[in-house]
Amino acid sequence: MPSFEILLPLGAIAFYLFDSAALLSTRELLFERQRKRWQVLGGSDFLLLGRRPVLPNPLTPYRSIFLISWHDDVNAAESSTATIDAFTRALRPIQWIVSLLLALLLVAIPMASLLYGAAESLLVLFAVFYLLMLVALAIVVRRRKVLSLSGKECFALAMHILLCAPFAVNLVRRLSLRWKLPATPLQFANSNFDASARSKTIELIKSRVDQTLQTLDPETPRAVRLIEFRQRLEGSNT
C-alpha cells in the first residue's frame, strides 16, 4: 500500500479531475474562452453511457467554459458580448484565486506531504487553501447578481465546495457552465470565433447531426428538418 503522504495528494488531485470531467449528450458542446479567443470542445469519439466524455485542460481551470446545446436553427439576431463580458469581468478575482488553488493542489501540497509528511507545514497549506476558498466564495456571494445566482444557489455551491475542498479549483468552470450564451451557438460562433474555431464548431455539429440521423426514420419530420439543417451548415462553411 502506498503511504499516506502519497495517497493524500493523489486523492485530492483525483477528486479535482473527477469534478472537471463531464459527459456531453449528442446536442451538447463546450465553448471555452481564452482571453479574447474562443475554442470548442466536443468530447471523446467513444461513448460512455450514450454520452461523450470530455476533460477540459486540467491546468487551465481559470478559463470560462460554457455548455451549449445546438438546435436546427441558423437564423438568429446578431449576438452581443456585452453581458458575457460583464460576467467574465466579475470572475477575474476568482480566476486568480483558482490559479493559486491549483498551484497548491498540484505542487505545494504534494511536495510538503512527500518531504515533511503530516507536519505543521502541511496544515499551514491546508489553512491557506481553505482561506483562499472562503475568499472566493465571499466574492461569489457579493457578485451573485452579476453571476445570476440566487441565494439558494450560492448556498448549494458553497456546500458543494466546503464538503470537498478540491472541487474549489473548478469554481470558475462551475459558474460559467450554468451561464446562458446570448445567442444560438452557431450565431455566437459566427460573431465571436476565428475562422478555425468556427469551422471546427460547424464540423462538430454536422457530425452530431449525422449521429442523430442514424437513429431516425428518414421520412419523419424531424429527420427532414435535420437534413435541411445540415445542408445549410454545408453552405455556411464554404
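Each chain has its residues counted from 1, running along the sequence as written. Local features in this predicted model are restricted to residues of pLDDT 70 or higher, and side-chain atom pairs are both shown and tallied only at a pLDDT of 80 or more, whereas totals for entire chains, interfaces and linings draw on every residue. Hydrogens are left out, water is left out, and the side-chain values use all remaining heavy atoms of the structure.

**Remarks on the nonpolar core**
Judged by nonpolar contacts, the single largest core of 58 residues is most densely connected at Phe31, Ile94, Val140, Leu171 and Leu175. Examining the composition of this core, we find that 13 residues originate from one element, helix 2 (residues 82-116), more than from any other. Two residues qualify as a contact provided that any one of their heavy atoms is within 4.5 Å of a heavy atom in the partner residue. The contact partners of isoleucine 94, leaving out residues within four places of it in the chain, are Ala136, Ile139, Val140, Leu171, Val172 and Leu175. What is meant by a nonpolar core is a set of buried Ala, Val, Leu, Ile, Met, Phe, Trp, Tyr and Cys residues, joined one to another through side-chain atoms within 4.5 Å. The classification of residues rests on relative accessible area computed with a 1.4 Å probe and restricted to protein chains. Under 20% of the type maximum is buried, over 50% is exposed, and intermediate values are partly exposed. Within the second largest apolar cluster, 5 residues are counted, among which are Leu24, Leu30, Val54 and Ile65. Helix and strand assignments come from DSSP, with helices taken as H or I runs of at least 4 residues and strands as E runs of at least 2, each series counted from the N terminus.

**What to know about the packing of helix 6 (residues 185-192) against helix 7 (residues 195-213)**
Angles run from 0 to 180 degrees between N-to-C directions of axes, and those axes are lines fitted to C-alpha atoms, restricted for helices to the stretch in contact. In the contact formed by helix 6 and helix 7, the axes pass within 9 Å of each other and the chain directions differ by 160 degrees. The pairing of helix 6 with helix 7 is recorded here as roughly antiparallel in orientation. The interaxial crossing formed by helix 6 with helix 7 has left-handed handedness. Between helix 6 and helix 7, the residues in contact are Leu186, Ala189 and Asn190 and Arg198, Thr201, Ile202 and Ile205, respectively. Orientation is classified from the angle alone, with under 35 degrees giving roughly parallel, over 145 giving roughly antiparallel, 65 to 115 giving roughly perpendicular, and any other angle giving oblique. Handedness of a crossing follows from how the near helix is turned relative to the far one, being left-handed for an anticlockwise turn of less than a right angle and right-handed for a clockwise one.

**Here's the deal with the confidence of the model for the protein**
Across the protein, the average pLDDT comes to 88, with 93% of residues at or above 70. Throughout residues 74-79 the model reports pLDDT below 50, and contacts reaching past four residues in sequence, or to other chains, amount to 16 contacts. On a range of 0 to 100, pLDDT expresses the predictor's confidence in each residue.

**Observations regarding the sheet that holds strand 3 (residues 37-41)**
Each strand in a sheet pairs with another by means of backbone hydrogen bonds, the pair being arranged parallel or else antiparallel. When DSSP finds two or more bridges between two strands, those strands count as paired. If you trace the 3 strands from one edge of the open sheet to the other, you get 3-2-5, paired in antiparallel fashion. The open sheet is flanked by strand 3 and strand 5 (65-69), the only strands paired with a single partner. Sheet twist, expressed as the average angle between the axes of neighbouring strands with direction ignored, equals 30 degrees. In this structure, strand 2 (residues 28-34) lies alongside strand 5, joined through 5 bridges in antiparallel fashion. In the sheet register, glutamate 28 faces strand 5, and the bridge partner there is serine 69. Strands in contact with helix 7 are strand 2 and strand 3; relative to strand 3, the strand with the most contacts, it is inclined by about 20 degrees.

**Re the pairing of strand 2**
Taking burial as the measure, the 7 residues of strand 2 include 7 buried ones, the bulk of the element. With 5 bridges connecting them, strand 2 and strand 3 associate as antiparallel partners. Bridge assignment links leucine 30 to a residue of strand 3, and that residue is leucine 41.

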